[in-house]
Amino acid sequence: MKTLSENKCFGGVQGVYSHASDTCGVDMTFGLFLPKEAADEPVPVLWYLSGLTCTHENAMIKAGAQAWAADHGIALVFPDTSPRGEGVPNDDAYDLGQGASFYLNATEKPWSRHFRMWDYLADELPNIVTANFAVDDGRQAICGHSMGGHGALTLAMRLQGRFRSVSAFAPIAHPTMSDWGRKQFTAYLGKDEAGWAAHDSTLLMRRLGFDGPVLIDQGSKDQFLDLLKPEALAHAMMERRQNGQFRMQSGYDHSYFFVSTFMADHIAFHAEALYRD
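Position labels on residues start from 1 in each chain and follow its written sequence. Per-residue local features are limited, in this predicted model, to residues with pLDDT of at least 70; the limit for side-chain atom pairs, both in listing and counting, is 80 or more; totals at the level of whole chains, interfaces and linings are taken over all residues. Side-chain measures were taken over the full set of non-hydrogen atoms in the model, leaving aside hydrogen atoms and water.

**Side note on the overall build of the protein**
Then, in step 1: Runs of E in the DSSP output that reach at least two residues are strands. Runs of H or I that reach at least four are helices, and both are numbered from the N terminus. Along its length, the protein carries nine helices and nine strands.
Then, in step 2: The globule rule is 2.2 Å times the number of residues to the power 0.38, and the radius of gyration it is compared with is taken over C-alpha atoms. Computed over the C-alpha atoms, the radius of gyration of the protein is 17 Å, within 12% of the 19 Å expected from 2.2 N^0.38 for a compact globule of 277 residues.
Then, in step 3: The principal-axis extent of the C-alpha atoms belonging to the protein is close to 50 × 45 × 35 Å.
Then, in step 4: Taken across its 277 residues, the protein has 59% of its residues classed as buried.
Then, in step 5: Every residue pair with non-hydrogen atoms within 4.5 Å of one another is taken to be in contact. Across the protein, every contact between residues at least 6 apart in sequence was considered, and the portion connecting residues at least 24 apart equals 73%.
Then, in step 6: A total accessible area of about 11,400 Å² is found for the protein, and carbon and sulfur atoms account for 48% of it.
Then, in step 7: Between the averaged position of the 23 positive side-chain charges in the protein and that of its 33 negative side-chain charges there is a distance of 4 Å. Using a 1.4 Å probe on the protein chains alone, a residue whose accessible area is under 20% of its type maximum counts as buried, one over 50% counts as exposed, and one in between counts as partly exposed. Each accessible area is a Shrake-Rupley estimate made with a 1.4 Å probe; only the visible protein chains count as cover when residues are assessed. Only four residue types enter the charge count, namely Lys and Arg as positive and Asp and Glu as negative; His and the chain termini do not. A charged residue contributes its charge at one atom only: NZ of Lys, CZ of Arg, CG of Asp or CD of Glu.

**Focus on unusual backbone geometry**
Then, in step 1: With an omega dihedral of 5 degrees, the bond running from K109 to P110 counts as a cis peptide bond.
Then, in step 2: Topologically, P110 is positioned in the loop between β5 (75–79) and α3 (117–132).

**Some details on the packing of aromatic side chains**
Then, in step 1: Centres within 6.5 Å make a pair out of two Phe, Tyr or Trp rings, where for Trp the six-membered ring is used; the pair is then stacked when the planes are under 30 degrees apart, edge-to-face when over 60, and tilted otherwise. Per the counting criterion, the structure on display carries 13 aromatic pairs.
Then, in step 2: Measuring from ring centre to ring centre gives 6.1 Å for F102 and F185, while their planes differ by 85 degrees; the resulting arrangement is edge-to-face. On the criterion of sequence distance, the pair formed by F102 in the loop between β5 and α3 and F185 in helix α5 (residues 179–189) is long-range, its members being 83 residues apart. Judged on exposure class, the residue F102 and its partner F185 are both buried.
Then, in step 3: With a centroid separation of 6.2 Å and an interplanar angle of 45 degrees, the aromatic rings of Y252 and F258 are classed as tilted.
Then, in step 4: Within the aromatic cluster, the residues linked to one another by ring pairs are F169, Y252, F258 and F262.
Then, in step 5: Over the ring of W118 we find R158, and its NZ or CZ is 3.9 Å from the ring centre. The criterion is that NZ of a Lys, or CZ of an Arg, lies within 6 Å of the ring centre and within 35 degrees of the ring normal, and then a charge sits over that ring.

**Section: the nonpolar core**
Then, in step 1: In this structure, Y48, I142, L155 and Y188 are the most contacted members of the largest nonpolar core, which totals 86 residues.
Then, in step 2: No other element matches the eight residues that helix α9 (residues 256–274) contributes to this core.
Then, in step 3: Those residues in contact with Y48, other than ones at most four positions away along the chain, are A59, V77, F78, P79, C143, H145, F169, Y256, V259 and M263. Working definition of a nonpolar core: buried Ala, Val, Leu, Ile, Met, Phe, Trp, Tyr and Cys residues. They are joined through side-chain atoms within 4.5 Å.

**Observations regarding the pairing of strand β8 (residues 214–219)**
Then, in step 1: Of all six residues that make up β8, six are buried, and the element is covered over most of its length.
Then, in step 2: Residues V214, I216 and Q218 point to one face of β8 and L215, D217 and G219 to the other, with burial holding for every one of them.
Then, in step 3: The criterion for strand pairing is that DSSP finds at least two bridges linking the strands in question. The pairing of strand β7 (residues 166–169) with β8 spans four bridges and is parallel. Within the sheet, the bridge partner assigned to A168 lies in β8 and is I216.
Then, in step 4: Bridge analysis of β8 against strand β9 (residues 244–249) gives six bridges, and the strand direction is parallel. Within β9, the position partnered with L215 by the bridge is Q245.

**Remarks on the sheet that holds β8**
Across a sheet, strands are paired by hydrogen bonds formed along the backbone, either parallel or antiparallel in direction.
Then, in step 1: The strand order across the open sheet built from nine strands is β1-β2-β3-β5-β4-β6-β7-β8-β9, with neighbouring strands paired in mixed fashion. Each having just a single partner strand, β1 (2–9) and β9 make up the two edges of the open sheet. Taken over all neighbouring pairs, the strand axes of this sheet differ in orientation by 20 degrees on average, direction set aside.
Then, in step 2: Bridge analysis of β1 against strand β2 (residues 12–20) gives seven bridges, and the strand direction is antiparallel. Counterpart to K2 in the pairing with β2 is S18.
Then, in step 3: Working convention: axes come from line fits to C-alpha atoms, limited for helices to the stretch in contact. Angles between N-to-C directions cover 0 to 180 degrees. Packing of helix α2 (residues 65–72) onto the sheet brings it into contact with β1, β2, β3 (27–34) and β5, and relative to β5 it is tilted by some 145 degrees.
Then, in step 4: Sheet strands touched by helix α8 (residues 230–240): β8 and β9. Its angle to β9, the strand with the most contacts, is close to 150 degrees.

The values reported here are purely geometric and, on their own, carry no functional implication.
Dropping the structure here:
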């Protein structure tokens, strides 16, 4: 693992690191904020998954999460959204290829060699983080925005017991019924739709639910509402009587102005779960 940068931030350290990934077959980069408490003991950790076109850097710089994480003594991990670099397949469209992994393991060529983000986030990167930094792998939570909200929800529901809480900003909520999903699932997973359900948070909510609290924020003026399909996830939560909140925030769009406005709420929500005995 290489240290690319480390900066003092709200009493802690905001670092950026790279490592050779056996899972993705390329070097991967991630950001990690450690609060000052990590100098004395392992701290709880919140994973933040970003959306289409983003790198590890977008949320790390724009979300304002470090200030609130420092208040609660929580570490933040900002993974990249896909493998990158020479030899990694890509597409001219912004919503396929590099920056658009949809956090799954691709089975179709040319994507299957490198696009294994499910295994990367479920196994490889957590093992690297816990082995090298003072984070408590028994106190984890996960959050994400847009495609990252989709990833956070699917990871939380399929890895029952891993995360104490899950939240999302404007998640891609029903990808099997959206152009943000059907296009990518066909490319990455093939035309057999039977394999798509494991990556649809609405279908997973109906089938599995989540064994902890859920918080969803969605802007009412989001320019991608028809692609996100938030109403499907809201209905699934209601039908299951899921422990959680789905909040429609009046006038907000899909941008990081929206995310940063409600980030303090999300950090406090996760802190309550992470520090619960």
